[in-house]
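Each chain, written out:
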Amino acid sequence: MLARAVRSLATSTTITLRSLNYRPLTSARNISTHLAYLAKERAVAIEAVERASQVCQAVFKRLITAETLTKKDKSPVTVADFGAQAVVNHILEQHFPDDPVVGEEDSKDLQGEDGRVLREKVTELILRAIDRGQYAGGPQGRHWTLDPIDGTKGFLRGEQFAVCLALIIDGQVHLGVVGCPNLPYDMSNPDGERGVLMVAVKGQGAFQRRLSTDGIERETPVHVSSVQSTSDAVFCESVEAQHSDHSSNANIARLLGITKPSVRMDSQCKYASVARGDAEIYLRLPVSETYVEKIWDHASGNIIIHEAGGRVSDINGKPLDFSIGRTLSANKGVVAASAKIFDEVISAVQTTLANAK
Ligand SMILES: Nc1ncnc2c1ncn2[C@@H]1O[C@H](COP(=O)(O)OS(=O)(=O)O)[C@@H](OP(=O)(O)O)[C@H]1O
Ligand SMILES: [Mg+2]
Ligand SMILES: [Mg+2]
Ligand SMILES: [Mg+2]
């Protein structure tokens, strides 16, 4: 099933790069530079994330049942993870054969006797494509970074997850795409249409469009919230308490005078929420001394927030450094917020950390 899906979704000749025909809503003055810089990369990245999102949706519909969850059977998510990574890497290889990829998954879990059942579901094509994600990253040249399913727990629960692809050039994120299949298109209608794709190219602003592959999609610019006072802010955080320290987050919120409950949401959908002003702050205070954040968990969200007028740093106010390799080893935790309140949020984080010592 998966092999067929991947093959049909990733067949390069069928990729028409429809997105290239599309002119984002922007001032006429900007159009020439806007369309020229990374225009092909932008279109290919959108196409890849849309197709990978389709793989995730197909796997969720066909393989995830109540039984999967009670038996804690991880194989459906594994199939979706590998499938999404294979699709994206295959598409990237067709269009940018010389660009390496920093991807979360590798094919280790499919090998040996333990991986036999899963392996039977996955073809040679997929294995080869997955392993295009083995690149070490680093400060020079260009590479892509991919999280085929970010928020795997959210995916399993049928809640928020994201397909995240970013292009890093000389250690800096220049392009980010986040596909959020379960995120409401318009938060003022939370029970309405779902499926959002956010995209940002450095210097060009951040945009959202419907997540679909059925035609040319209209893009609309997104901006962070204009809330002036942190007491009016909403903050979001991970669902899993192992991924972000909920009690530190709550102390920070108290210092900032925040009274609204936090929005707990899996995946880089948190960045998307802040980028379009559904929430003002994303707090990711580290739980463990040893965990090092991975570049694929933050690269797309980072540029989308910046291009939407927000700021992102680690808990010490230091920008995230994507130039080191596969991890953000020079940073600890993550804080994102709209620019107006960012400095205030960082001082509350610092005060909370100092009090905890
Ligand atoms: N200890 C620890 N601390 C911080 N982060 C960790 C930790 N362990 C794992 N991860 C990474 O968290 C990614 C999911 O983050 P989320 O914010 O979506 O978390 S949550 O699902 O809401 O709990 C998750 O991404 P995916 O594996 O793609 O789901 C992990 O890469
Ligand atoms: Mg992830
Ligand atoms: Mg993942
Ligand atoms: Mg994972």
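- The chain goes by 3'(2'),5'-bisphosphate nucleotidase in an unreviewed UniProt entry, where it is assigned to Coemansia aciculifera.
- UniProt annotates the chain under Cofactor (unreviewed entry) with the comment "Mg(2+)".
- Listed under Sequence similarities (unreviewed entry) in UniProt, the entry text for the chain is "Belongs to the inositol monophosphatase superfamily."

### Some remarks on unusual backbone geometry
- In this structure, Asp170 is a non-glycine residue whose phi angle is positive, near 45°.
- Relative to the assigned elements, Asp170 resides in the loop between strand 3 (162-169) and strand 4 (172-184).
- Residue class for Asp170 comes out partly exposed when judged on its relative accessible area of 49%.
- Unusually for a residue other than glycine, Ser267 sits at a positive phi of about 80°.
- Counting through the fold element by element, Ser267 comes out in the loop between strand 9 (263-264) and helix 10 (269-275).
- Overall, Ser267 belongs to the buried group, its relative accessible area being 7%.

### Section: the side chain of Arg284
- With respect to the helices, strands and loops of the structure, Arg284 is situated in strand 10 (residues 281-284).
- At a separation of 3.3 Å, a polar atom in the side chain of Arg284 contacts the side chain of Ser238.
- At a separation of 2.9 Å, a polar atom in the side chain of Arg284 contacts the side chain of Glu293.
- When near neighbours in sequence (up to four residues on either side) are disregarded, Arg284 contacts Ser238, His243, Ser244, Lys270, Glu293, His298, Gly333 and Val334.

Analysis parameters
- Residues numbered from 1 in each chain as written.
- Chains lettered and ligands numbered in written order.
- Predicted model: local features only at pLDDT ≥ 70, side-chain atom pairs only at ≥ 80, totals over all residues.
- Heavy atoms only, no water.
- UniProt positions renumbered as here; feature names shortened; annotations may be inferred.
- Helix = DSSP H or I, 4+ residues; strand = E, 2+ residues; numbered from the N terminus.
- Buried < 20%, exposed > 50% of the residue type's maximum accessible area, 1.4 Å probe, protein only.
- Polar contact = N/O pair within 3.5 Å; in protein donor to acceptor, adjacent residues only side chain to side chain.
- Contact = heavy atoms within 4.5 Å.

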